[in-house]
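Working through the structure, step by step
Below, each chain spelled out in residue letters.
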Amino acid sequence: TQLEIGQLYQGGIIFYLDSTKRHGLAVSLTNSVSASSAVVFSTKIPVYAPMTGIRAGAINTAVMLAAETNVGDPQSAAPIAAARAVTADGLTSCLTSTGQIPTLTETCYGGWYIPSLGEFQQIQLAGNTTINNAILAAGGTSILSTAYWSSTTTTASGVNGRRAFDVVLNSSNEIGGDDDPFTQVHAVRTIRAF
């Protein structure tokens, strides 16, 4: 069965499909943390994750997780994104209050990660308001006008692996943002490949 942009699928809204129309990327219906409880990118160590393309966010997030394994930084973006696990409706968490996945009668969808700059650009190409309207129709929260961390760190000289790009999607289908120090707080909206 071929899928469509804007469709609710495996706990997220599809915003990118490959040529087969069976594989692509979906954005989560809600933030992994709310904008009011935004997180830092990383607090304790430099991170070098400069990839920008399709599915690059998964690699960048894995690099972040590996770098942070020994420092135990639960308030940074990568561990929060990686812990996401939802049922097909995209709103019901699979995790218990202790962060464990209990025995379920329905499928749980994990594998969420922080989008790269290129993956955020694919949301823009699909249409910021189109994807936002699909998210809202499925009971989720708006992706518009909120600063989100991307998983892409800057390679600019002199920053020592301590700056990453943020992204803001707006209703006029534009994308904005810049590179911020890791100590800046932003929301985290995750995506997953299927």
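Everything in this summary refers to the structure shown in the same document. (Residues numbered from 1 in each chain as written. Predicted model: local features only at pLDDT ≥ 70, side-chain atom pairs only at ≥ 80, totals over all residues. Heavy atoms only, no water.)

A word on the layout of surface pockets
Put simply, the test is: Grid points spaced at 1 Å and placed over the protein atoms alone form the basis of the search, with a cavity being a set where a 1.4 Å probe fits but cannot get out and a pocket an open set showing protein on both sides within 12 Å along at least five of seven lines. Lining residues have an atom within 4 Å of a point. Grid points are joined across faces, edges and corners, and a volume is the space filled by probe spheres set on the points.
Size it by volume and the largest pocket reaches roughly 180 Å³. Lining the largest pocket are T30, S32, I80, A83, R84, A85, V86, G90, L91, S93 and L95.

A closer look at the nonpolar core
If you look at soluble globular proteins, the nonpolar side chains tend to sit buried side by side. Selection criterion: What makes a nonpolar core is a set of buried Ala, Val, Leu, Ile, Met, Phe, Trp, Tyr and Cys residues whose side-chain atoms join them at distances within 4.5 Å. Here the term buried applies to any residue with accessible area under 20% of the maximum for its type, exposed to any over 50%, and partly exposed to those in between, with areas from a 1.4 Å probe on protein chains only. Here a helix means four or more residues in a row that DSSP labels H or I, a strand means two or more in a row labelled E, and each is numbered from the N terminus. The criterion used for residue contact is that any of the two residues' heavy atoms lie within 4.5 Å.
Ranked by size, the top nonpolar core spans 20 residues in total, and within it F15, V27, I123, I131 and I143 carry the most contacts. Put simply, the parts of the chain that give this core at least two residues each are β2 (12-17), β3 (24-28), α3 (117-126), α4 (128-137) and β5 (163-169). Apart from the residues lying within four places of it in its own chain, the contact partners of I123 are F15, V27, N128, I131, I143 and L169. Counting residues in each nonpolar core, the second largest holds 15 residues, with A49, A78, I80 and F182 among its members.

Structural notes on the packing of α3 against α4
Note the cut-off: Angles shown run from 0 to 180 degrees and are taken between the N-to-C directions of axes, each axis being a line fitted to C-alpha atoms and, for helices, limited to the stretch in contact. Here roughly perpendicular refers to angles of 65 to 115 degrees, roughly parallel to angles under 35, roughly antiparallel to angles over 145, and oblique to all remaining angles. Note on residue categories: nonpolar means Ala, Val, Leu, Ile, Met, Phe, Trp, Tyr, Cys or Pro, charged means Asp, Glu, Lys or Arg, and polar means any other residue, Gly included.
The interhelical angle for the contact between α3 and α4, taken along N-to-C directions, is 90°, at an axis separation of 5 Å. By the criterion of interaxial angle, the relationship of α3 to α4 is roughly perpendicular. Residues I123, Q124 and A126 of α3 form the contact with α4, whose participating residues are N128, T130 and I131. Looking at the contact of α3 with α4, its residues break down into 3 nonpolar, 3 polar and no charged.

Overview of the pairing of strand β4 (residues 147-153)
We count it as follows: DSSP-based pairing: two strands are paired if at least 2 bridges between them are found.
Among the 7 residues that make up β4, 6 are buried, leaving the element largely enclosed by the rest of the structure. One ladder, built from 4 bridges, connects β4 with β5; its direction is antiparallel. Each bridged residue has a counterpart across the sheet, and for Y148 the counterpart in β5 is V167.

Comments concerning the sheet that holds strand β8 (residues 191-193)
An order of β1-β2-β3-β8 is seen for the 4 strands of this open sheet, with the pairing classed as antiparallel. In this open sheet, the two edge strands, each paired with only one partner strand, are β1 (8-9) and β8. Bridge analysis of β2 against β3 gives 5 bridges, and the strand direction is antiparallel. Residue pairing in the sheet places L17 in a bridge with G24 of β3. Where α3 meets the sheet, it contacts β2, β3 and β8, and its direction lies at approximately 90° from that of β2.

Some points on a nonpolar patch on the surface
Rules: Patches here: salt-bridge-free residues with over 30% relative accessible area, like charges joined within 9 Å, nonpolar side chains (Val, Leu, Ile, Met, Phe, Trp, Tyr) joined within 5 Å. Method for areas: the Shrake-Rupley scheme with a 1.4 Å probe, in which residue coverage is limited to the protein chains shown. Think of a salt bridge as a Lys or Arg side-chain nitrogen and an Asp or Glu carboxyl oxygen that are within 4 Å of each other.
Together, M51, I59 and V63 line one region of the surface with nonpolar side chains, adding up to about 220 Å² of accessible area. The residue I59 is located in helix α1 (residues 56-68) in this model. Judged by its relative accessible area of 43%, I59 falls in the partly exposed class.

Quick notes on α1
Since the α-helix turns once every 3.6 residues, residues separated by three or four places project in the same direction. We count it as follows: A helix is expected to span 1.5 Å for every residue after the first. The arc in question is the one spanned by the directions pointing from the helix axis to the C-beta atoms.
With 13 residues, α1 extends 18 Å from end C-alpha to end C-alpha; this agrees with the ideal 18 Å at 1.5 Å per step. Buried residues of α1: A56, G57, N60, T61, M64 and E68, and no others. Considered in projection along α1, the buried side chains sweep an arc of 130° and stay on one side of the axis. Looking at the buried side of α1, the elements it contacts are α2 (77-82), α3 and β4.

A closer look at unusual backbone geometry
Positive phi is not limited to glycine here, since R55 has a value of about 65°. Its place among the elements puts R55 in the loop between β3 and α1. Here S145, not a glycine, exhibits a phi torsion of approximately 65°, which is positive. Among the structural elements, S145 can be located in the loop between α4 and β4.

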